[in-house]
Structure formats: structure tokens, C-alpha cells
Amino acid sequence: MSKEDQTYKKVPENTKEIREKAILIGIEFFSNGSSLDNNLKELKGLAETAYYNVIAIVSQKLTRINPKFFIGKGKVEEVGQLIRQFSAGIVIFDENLSPAQNRNLENIFKCRVIDRSWLILEIFGNHARTREAKAQVELASLKYALPRLTKMWGHLSRQRGGIGMRDVGETQIQLDRRLIRDRITKLDRKLKQIDLEKKTQRKNRSGIYKVALVGYTNAGKSTLMNQLTGAETLVENKLFATLDSTIRKIKKNFPYPVVLSDTVGLIDKLPHALIASFKSTLDEVRDANLLIRMVDMSDSNAKRQIQTTNNVINDLGADGTDSLLVFNKADKVNDPEILESELQRHPNAIIISSKNGTGLDVLRKSIISCYESKLASYKITIKYEQAKLIPQIRKYAVIVKSDYKDTFISLDLRLAPGAKEKIEILLKDTIQVGKKS
Ligand SMILES: Nc1nc2c(ncn2[C@@H]2O[C@H](COP(=O)(O)OP(=O)(O)OP(=O)(O)O)[C@@H](O)[C@H]2O)c(=O)[nH]1
Ligand SMILES: [Mg+2]
């Protein structure tokens, strides 16, 4: 541990809630060559996002995990001393602890011990705004807390409104596991209902080309969303600013009907319960025709961002979907050599700055050409009395040519995947739809 790491850090000025002093613990495994500095930098960012006052960072190289405490006995003593010296209120592990390790450490440290998963759940709890996000976070938190009904659980109850479980919060000290399970069942049911509503909405959007933003938290997805669609999604220099999906039409300089969706950001070692609970939010990614894999290229760990994003895309079964790799925050990269080497490694990547707009035209063109590569040509004829339907046809198709004959109108269309069915429903029996000869 360096001296610098041990110095006190002030809690951000705008933080009304003064949070506990925290000691962070990072592990370097010999086997996987994980980058400890980057991991700890990220953990510190997470802890500060959750308003903890990080006062010391401890690390240990491990070849094998100590089943009782995760870290070695000597390290446990060292951390114990630091807790007393700094009057720390919480110890945060970068790795996920078993319920038993969690309990053993709390008993020795006499303070709260949480792991990376729980820290992420706390942040999600603080940022959840909508009915769906609140239910998703509560469900994941309950599933996670169920085998760990210790101090962490008590803490959960003290979070006022944060975790989106006020009802449970007020009474949960008396809650036994059975009640928690009941609550889990209820939440599961509620989320299934929301999922159904979303499915219907998605069905309504079938036939419209769908582009989804996917990438590490803080990569700049919402900033790009706002730039391309004029939406006003919350943009913050904060991890996990977005928890819900927002879907908007791309309007600016765009010739086709295309919708863009912005979703929850990703992070390494995302808790499993959380991924499962956010299934319906991530369904936007599964459902998309094109994925924009977004990377913050000014991050020293851009490689990990790409890897994590690809892993989640694979887990969602969306690895067969067309995708564009987009490097964002080019304005923050002052070294042209970095730009050059990234491009060499990823020759197809599109380099942009969502903040100042650089590269957005190239990105738009790339989206358009992906779209066009999927278009099918169709020719339809409609009667004059059906002309009023043309604006609706435009919702799903590009009309490349319209020919006004004596008794009918002939239209040359370019259709996105799934749009043919929509047009057929729209015009029902009175038209002939067929492949253009
Ligand atoms: N310098 C610079 N900053 C950017 C750029 N794009 C986004 N940012 C900043 O990066 C931070 C995160 O941006 P968001 O758009 O909220 O990132 P996000 O990917 O939506 O993050 P989550 O919602 O947490 O997943 C904000 O402070 C943005 O202003 C960019 O091109 N250049
Ligand atoms: Mg966002």
C-alpha cells in the first residue's frame, strides 16, 4: 500500500449525506495477470459514486483464496489495524465474497464488510428512478441478501428510499427469510408483467430498424443518444447514470425510420442477480438489428471495456447481430500515437467525440449503410383512396419511387427486416405485395 493511498480523501462537496470511511481491498491473482491498478481505480470510482469516503486502499497478491477470509490471515490483521487507526466504518472487497467469508470478516473487523457486487447494487439502488428499475434492483438486492442476513441487511433497511423498497424497508428488520422469498415472488411477478408490456411495445416497433447502444458504464452512450436523437437522457460523469432503456427515433440528418435505444451500462464482474433482473432492459440489445459497441477510448482500460461488452453480447445471444465498434471521447486523447495504434488494432472502429460532434457524420453513414445492406426491395400498388396511408407506409419503408397512374399508384419500396408484414397488415386485402421483379 503506498502512502498516497492512505491519505484521507474529502467527500464530494455536493454530497449531503456524509458516508462512512471506507477501506478498499483489491486482489492481484498471479494466474490471470489482472491489472490491479486499473481494478482498484475502478473500485474507488464505484465507492465514491456510492458516496463512501475512501481513506485507504489495501492490496494482496494471492495464488489461492483463503476459504475463511478470502485474504490471508496476516492481511486480515493489517486491515484490522487500519480500521482502528482510521475509525473506518466499512471494508469493501473488489472480489465477490461468499456469505461465510462475509460473516467471518465482519465478526473480526467489527464493522460492515461488503463486496463488489453489493457495492454495485447500492449504486443501482441510489440511481433507480422508474418503477421497473426500482423493482429490478430490489429483486437483485433481495436475492443477493437472502443468504447474507447480517449487518448488510440492517444497512439496507436504513437506506431511506434508496433501494426502492420503502415498504419492505420499514418492516424488514422483522422479516424472516420466508417473507423475503414472498417478496421475491411478488417482484418476479411484477417484473414479468412489465416484461409483457415491453414485449408488446417491442412488437409495435417490429419492422422499424433498431439500433442499440451497448457499452461500459460512463462510455458516453447517453451523450451519443442525445446527440443523435435530440433526446434528453440524463448524462452524468457518474457510474451507472442510466438504468432504464430509452428509445427514440434518430431524426437528425437521417433519411430512414430508425430507432435508437440507450440502456444500462456494463461493468466487469456484474452481479449475476443483477443481470438476471435487468433482463428485460437488456432485451433491447437482444432485439436490435444493429449494435453500437461503445468504448471510452480515453480510459486506460479500453481493452477490458471491449471484452466485457463482447462477453455480455455473447451471453445475451446477440453475437450474431451486426455491430459497429465506436471509440468515443476522442477529444480527450491528446496523443495521436494512441489514436493510431487503436485504429491499427481495430481497423473498422469509428472514432468519435459525442461531446463535440466529431466523427458523428461517419457514424451516421455507417448506420445507414448497415441499414441499407438489410433492405429488401418491394413494389406495391395502391388505390387512390389508400393514398392517405402513405405517411404510415413511410413509417416502415423508404419510398424510392412513386408512379401515379390513371387508376392506381405504384410504389417502389425499400423495407427493413419485418416491415413487409407491417405493410401487409396496413393495406390488408386490397393490394398486391410482391418481390420486385
Ligand atoms: N470529453 C468527453 N466526454 C464525454 C464524451 N461523451 C461523454 N462524455 C462524458 O462522459 C460522462 C458519461 O457520459 P454518459 O453519456 O452519461 O455515459 P453513459 O455511457 O451513458 O454512462 P452510464 O449511463 O453510466 O452507463 C459524462 O460526463 C459526459 O459528459 C466525449 O466524447 N468526450
Ligand atoms: Mg447513460
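Look up a bit, the structure's there.
Here we summarise the structure given alongside this text. (Residues numbered from 1 in each chain as written. Chains lettered and ligands numbered in written order. Predicted model: local features only at pLDDT ≥ 70, side-chain atom pairs only at ≥ 80, totals over all residues. Heavy atoms only, no water.)

1. Details of the overall build of the protein
When you go through the protein residue by residue, the secondary structure sums to 17 helices and 14 strands. Each of the 437 residues in the protein was classed as buried or not, and the buried ones make up 54%. Contacts in the protein between residues far apart in sequence, at least 24 positions, make up 70% of those at least 6 positions apart. (Helix = DSSP H or I, 4+ residues; strand = E, 2+ residues; numbered from the N terminus. Buried < 20%, exposed > 50% of the residue type's maximum accessible area, 1.4 Å probe, protein only. Contact = heavy atoms within 4.5 Å.)

2. Quick notes on the site of ligand 1
The full set close to ligand 1 counts 23 residues, and Thr217, Lys221, Thr223, Thr242 and Asp331 are the nearest of them. Thr242 has a polar side-chain atom sitting 2.8 Å from an oxygen atom of ligand 1. In this structure, Lys329 approaches ligand 1 through a side-chain N or O atom, which is 3.0 Å from an oxygen atom. Broken down by element, the residue count for the shell around ligand 1 peaks at three residues, all from helix α10 (residues 221-229). The residue makeup of the shell around ligand 1, split by class, is five nonpolar, eleven polar and seven charged. (Near = heavy atom within 4 Å. Polar contact = N/O pair within 3.5 Å; in protein donor to acceptor, adjacent residues only side chain to side chain. Nonpolar A, V, L, I, M, F, W, Y, C, P; charged D, E, K, R; others polar.)

3. Considering the coordination of the magnesium ion (ligand 2)
Donor atoms from the polypeptide that bind the magnesium ion (ligand 2) are Ser222 (OG) and Thr242 (OG1), placed at 2.0 to 2.1 Å. A residue pair is termed long-range when its members are at least 10 positions apart, and Ser222 in helix α10 and Thr242 in the loop between α10 and β6 (246-249) qualify at 20 residues. With relative accessibility at 8%, the residue Ser222 sits in the buried group. (Donors = N, O, S within 2.8 Å, 3.2 Å for Na, K, Ca; no water.)

4. Describing the nonpolar core
Counting 47 residues, the largest nonpolar core has Ile92, Leu119, Phe124 and Phe240 as the members making the most contacts within it. Examining the composition of this core, we find that six residues originate from one element, helix α5 (residues 116-127), more than from any other. Sequence-distant contacts of Leu119, that is, excluding residues within four places in its chain, are made with Leu43, Leu46, Ala47, Ala50, Tyr52, Ile92 and Ile114. (Core = buried A, V, L, I, M, F, W, Y, C linked by side-chain atoms within 4.5 Å.)

5. Quick notes on the packing of helix α2 (residues 36-49) against α5
Two numbers describe how α2 lies on α5: the axes approach to 9 Å, and their chain directions differ by 40°. The pairing of α2 with α5 is recorded here as oblique in orientation. Once α2 is placed against α5, the crossing between them reads as left-handed. Between α2, through Glu42, Leu43, Leu46, Ala47 and Thr49, and α5, the contact on the second element is made entirely by Arg116, Leu119, Ile120, Ile123 and His127. Looking at the contact of α2 with α5 residue by residue, the classes come out as six nonpolar, two polar and two charged. (Axes fitted to C-alpha atoms, helices over the stretch in contact; angles between N-to-C directions. Parallel < 35°, antiparallel > 145°, perpendicular 65-115°, else oblique. Left-handed = near helix turned anticlockwise from the far one by under 90°.)

6. Regarding a positive patch on the surface
A contiguous patch of positive charge, built from Arg248, Lys249, Lys251 and Lys395, is present on the exposed surface. Tracing the chain through its elements places Lys249 in strand β6. Under the relative-accessibility criterion, Lys249 is labelled partly exposed at 37%. (Patch = residues over 30% accessible without salt bridge, like charges linked within 9 Å, V, L, I, M, F, W, Y side chains within 5 Å. Areas by Shrake-Rupley, 256 points an atom, 1.4 Å probe, with all protein chains shown as cover. Salt bridge = Lys/Arg side-chain N within 4 Å of Asp/Glu carboxyl O. Lys, Arg positive; Asp, Glu negative; His and termini not counted. Charge placed at Lys NZ, Arg CZ, Asp CG, Glu CD.)

7. Details of α2
The terminal C-alpha atoms of α2, which comprises 14 residues, lie 20 Å apart, in line with the 20 Å expected from a rise of 1.5 Å per residue. Of the positions making up α2, those classed as buried are Leu36, Asn38, Asn39, Leu40, Glu42, Leu43, Leu46, Ala47 and Thr49. Summarising the contacts, the buried residues of α2 are in contact with β1 (21-29), β2 (53-62), β3 (90-93), α5 and α13 (302-315). (Expected span 1.5 Å × (residues − 1).)

8. Focus on the side chain of His127
The residue His127 is located in helix α5 in this model. Judged by its relative accessible area of 9%, His127 is buried. Excluding residues that lie within four positions of it along the chain, His127 makes contacts with Thr49, Lys238, Leu239, Phe240, Ala241 and Leu243.

9. Digging into the sheet that holds strand β4 (residues 112-115)
Two strands in a sheet stick together by hydrogen bonds in their backbones, pointing the same way (parallel) or opposite ways (antiparallel). Taken in spatial order, the four strands of this open sheet run β2-β1-β3-β4, and their pairing is parallel. Looking at the sheet topology across the chains shown, the edges are occupied by β2 and β4. Neighbour-to-neighbour, the strand axes of this sheet turn through a mean angle of 20°, independent of strand direction. Sheet topology places β1 next to β3; four bridges connect them, and they run parallel. Along β3, the bridge assignment pairs Leu24 with Ile92. The sheet contacts of α2 involve β1, β2 and β3, and relative to β1 the element is tilted by about 155°. Each of β3 and β4 touches α5; the most contacted strand, β4, lies at about 90° to it. (Pairing = 2+ DSSP bridges.)

10. Some thoughts on helix α9 (residues 177-204)
A rise of 1.5 Å per residue sets the reference length of α9, with its 28 residues, at 40 Å; its end C-alpha atoms lie 40 Å apart and thus fit the reference within 8%. Buried within α9 we find Ile180, Ile184, Leu187, Leu191, Ile194, Asp195, Lys198 and Arg202.

11. A closer look at the environment of Ile393
Considering the arrangement of structural elements, one finds Ile393 in helix α16 (residues 390-396). A relative accessible area of 0% places Ile393 in the buried class. For the pair formed by Ile393 and Leu413, sequence separation is 20 residues and the distance between their alpha carbons is 9.2 Å. Here Ile393 is in contact with Ile380, Ile399, Leu411, Leu413, Ile423, Leu426 and Leu427, once residues within four sequence places are set aside.

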